[in-house]
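Here is what each chain is made of, one letter per residue.
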Amino acid sequence: MDLNLKNKIAVITGGSKGIGFATALMLVKEGANVAICGRDRNKLKEAAALIKEETGKEIYISAKDVSIKQDCEDFIQEAAEHFGGLDILINNAGKSEAMPFEMISAELWKQDLDLKLFAAINCANAAIPYMRERGGGSIVNVTATMAKTAPASSLPTSVSRAAGMTLTNAMSKDLGKDRIRVNTVCIGLIRSEQIEKMWQSGHSHLSWEEFSGLSEHNIPLGRIGEAKEAANVITFLVSDAASYITGTSVNIDGGKGEAL
């Protein structure tokens, strides 16, 4: 299948590790020009070096904190000017903050919403004019399955991710006329630094494969997912192969989620 991503210009927030990095690598392999941002310049340099080592291609990196509106705008502008336009935005920045409702301070609510919701809003606002200039584009907002069915002690993440899902749906209706597609992926248990810390802190006597397959994870496919598997879906959604898909959400969770 030809994804028709050659020479497309993509920007990814939170692109130095995990799903963001895996997606950047995959897009580069498909021929896209890629820019990533994150708060840690050293990690960004490491990511760029790994991608160049594997593909021979340079990516654009920018140390930005997307919870700050100006940083969102600056990153999008820098990337668009560097490559000469913009076709794809992947709003991936975020971390998991999960605790009981009464433990969450007003400041933590604000930090979480700034990072996961308003970052997506601000990056999209900055990116849309560039996409219109090129006759269309694609946006993917990375959310979580708990946005659909929030378990106990899952706040504030479940709320900010649910807002991201609604944002996706509403944006898709407004931007369809501009041939800008907007979708979301809802992430379940995917291998990450946080998951690996869980493994090492509580199950270090197990191999990764043994830990991944523990029945306590309650994953029908029997294992924790890999970042590459999430990147596969995101890459498909931003490609021409998904040209008639917008306003939808896709669970990437091994069947664990309780809602479609």
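Residues numbered from 1 in each chain as written. Predicted model: local features only at pLDDT ≥ 70, side-chain atom pairs only at ≥ 80, totals over all residues. Heavy atoms only, no water.

The protein chain appears in an unreviewed UniProt entry as SDR family oxidoreductase from Peribacillus faecalis. Its UniProt record gives the protein chain a comment under Sequence similarities (unreviewed entry), which states: "Belongs to the short-chain dehydrogenases/reductases (SDR) family." (UniProt positions renumbered as here; feature names shortened; annotations may be inferred.)

Enquirer: Explanation requested: the overall build of the protein chain in the structure shown.
Expert: Tallying secondary structure elements over the protein chain gives 8 helices and 9 strands in all. In terms of overall size, the protein chain behaves like a compact globule, its C-alpha atoms giving a radius of gyration of 18 Å where 260 residues would be expected to give roughly 18 Å. With the C-alpha coordinates of the protein chain rotated into their principal frame, the extents come out at 50 × 40 × 35 Å. Within the protein chain, residue pairs in contact and separated by at least 24 positions form 72% of the contacts whose partners lie at least 6 positions apart. Carbon and sulfur atoms make up 51% of the accessible area of the protein chain, which totals about 12,500 Å². Across the protein chain, 28 positive and 32 negative side-chain charges occur, with their mean positions spaced 3 Å apart. (Helix = DSSP H or I, 4+ residues; strand = E, 2+ residues; numbered from the N terminus. Rg over C-alpha atoms; globule rule 2.2 N^0.38 Å. Contact = heavy atoms within 4.5 Å. Areas by Shrake-Rupley, 256 points an atom, 1.4 Å probe, with all protein chains shown as cover. Lys, Arg positive; Asp, Glu negative; His and termini not counted. Charge placed at Lys NZ, Arg CZ, Asp CG, Glu CD.)

Enquirer: Just to check I follow, could you spell out the layout of surface pockets for this structure?
Expert: The volume enclosed by the second largest pocket comes to roughly 350 Å³. If you go around the second largest pocket, you meet 18 residues; those closest to its centre are Gly136, Gly137, Arg179, Arg181 and Asp240. Mapped by element, the contributors of at least two residues to the lining of the second largest pocket are strand S6 (137-144) and strand S8 (180-187). Here the residues of the lining of the second largest pocket sort into 4 nonpolar, 8 polar and 6 charged. (1 Å grid on protein atoms, 1.4 Å probe; cavity = no way out; pocket = protein on both sides within 12 Å on 5 of 7 lines; lining within 4 Å. Points joined across faces, edges and corners; volume = space filled by probe spheres on them. Nonpolar A, V, L, I, M, F, W, Y, C, P; charged D, E, K, R; others polar.)

Enquirer: Looking at this structure, how should I read the environment of Lys116?
Expert: On the secondary structure map, Lys116 appears in helix H4 (residues 106-133). Residue classification places Lys116 among the buried residues on the basis of a relative accessible area of 6%. As a C-alpha pair, Lys116 and Ala163 span 47 residues in sequence and 9.0 Å in three-dimensional space. Sequence-distant contacts of Lys116, defined by excluding residues within four places in its chain, comprise Ala93, Gly94, Lys95, Ser96, Glu97, Thr157, Ser160 and Arg161. Within the structure, the side chain of Lys116 is placed 2.4 Å from the backbone oxygen of Lys95, a separation counted as a polar contact. A distance of 2.7 Å separates a polar atom in the side chain of Lys116 from a polar atom in the side chain of Thr157. (Buried < 20%, exposed > 50% of the residue type's maximum accessible area, 1.4 Å probe, protein only. Polar contact = N/O pair within 3.5 Å; in protein donor to acceptor, adjacent residues only side chain to side chain.)

Enquirer: Help me understand helix H3 (residues 69-83) in this model?
Expert: Since there are 3.6 residues in each turn of an α-helix, residues three or four apart along the chain are aligned in direction. Between its terminal C-alpha atoms H3 stretches 22 Å, which fits the 21 Å expected from 15 residues at 1.5 Å a residue. Residues of H3 that are buried include every one of Asp71, Cys72, Phe75, Ile76, Ala79 and Ala80, and no others. Here the buried residues of H3 occupy an arc of 155° about the axis, which is enough to place them on one side. On the buried face of H3, the contacting elements are strand S1 (9-13), strand S2 (33-38), strand S3 (60-63), strand S4 (88-91) and H4. Once H3 finishes, Gly84 follows within two positions and takes phi at roughly 90°, a positive value. (Expected span 1.5 Å × (residues − 1). Arc of directions from axis to C-beta.)

Enquirer: Honestly, the packing of helix H1 (residues 18-29) against helix H8 (residues 227-238) in this entry has me stumped. Any pointers?
Expert: To characterise two packed helices, one gives the angle between the axes of the helices and the distance between these axes. Relative orientation of the contacting elements H1 and H8 amounts to 55°, with a least axis distance of 8 Å. The pairing of H1 with H8 is recorded here as oblique in orientation. You can see that H1 and H8 cross each other, and the crossing is right-handed. Between H1 and H8, the contacting residues are Gly18, Ile19, Ala22, Thr23, Met26 and Leu27 on the first element and Ala227, Lys228, Ala230, Ala231, Asn232, Ile234, Thr235 and Val238 on the second. For the contact of H1 with H8, the class distribution of residues is 9 nonpolar, 4 polar and 1 charged. (Axes fitted to C-alpha atoms, helices over the stretch in contact; angles between N-to-C directions. Parallel < 35°, antiparallel > 145°, perpendicular 65-115°, else oblique. Left-handed = near helix turned anticlockwise from the far one by under 90°.)

Enquirer: Would you explain the side chain of His217 in this entry?
Expert: For His217, the location among the structural elements is in the loop between helix H7 (208-212) and H8. In this structure His217 comes out as buried when scored by relative accessible area, which is 7%. Apart from residues lying up to four places away in sequence, His217 is in contact with Leu189, Phe211, Ser212, Ile224 and Lys256.

Enquirer: Can you help me understand the packing of aromatic side chains in this one?
Expert: When we look at a pair of aromatic rings, we describe it by the centre distance and by the angle of the planes. Counted under the stated rule, the structure contains 3 aromatic pairs. Pairing Trp199 with Trp208 gives two aromatic rings, centres 5.3 Å apart and planes at 70°, and the pair type is edge-to-face. Since its relative accessible area comes to 12%, Trp199 is described here as buried. Residue classification places Trp208 among the buried positions, given a relative accessible area of 7%. Centre to centre, the rings of Trp199 and Phe211 are 6.5 Å apart; their planes meet at 20°, and the pair counts as stacked. Of this pair, Trp199 sits in helix H6 (residues 193-202) while Phe211 sits in helix H7; the two residues are 12 residues apart in sequence, bridging distant segments of the chain. (Phe/Tyr/Trp six-rings, centres within 6.5 Å; stacked < 30°, edge-to-face > 60°.)

Enquirer: Would you mind showing me how to read the side chain of Arg181 here?
Expert: Structurally, Arg181 is set in strand S8. No salt bridge forms around the buried Arg181; measuring N to O, its nearest opposite-charge neighbour Asp240 is 5.7 Å away. For Arg181, the side chain forms a polar contact with the main-chain oxygen of Ser239, separated by 3.1 Å. The contact partners of Arg181, leaving out residues within four places of it in the chain, are Gly137, Ser138, Ile139, Leu237, Val238, Ser239, Ala242, Ser243, Ile245 and Thr246. (Salt bridge = Lys/Arg side-chain N within 4 Å of Asp/Glu carboxyl O.)

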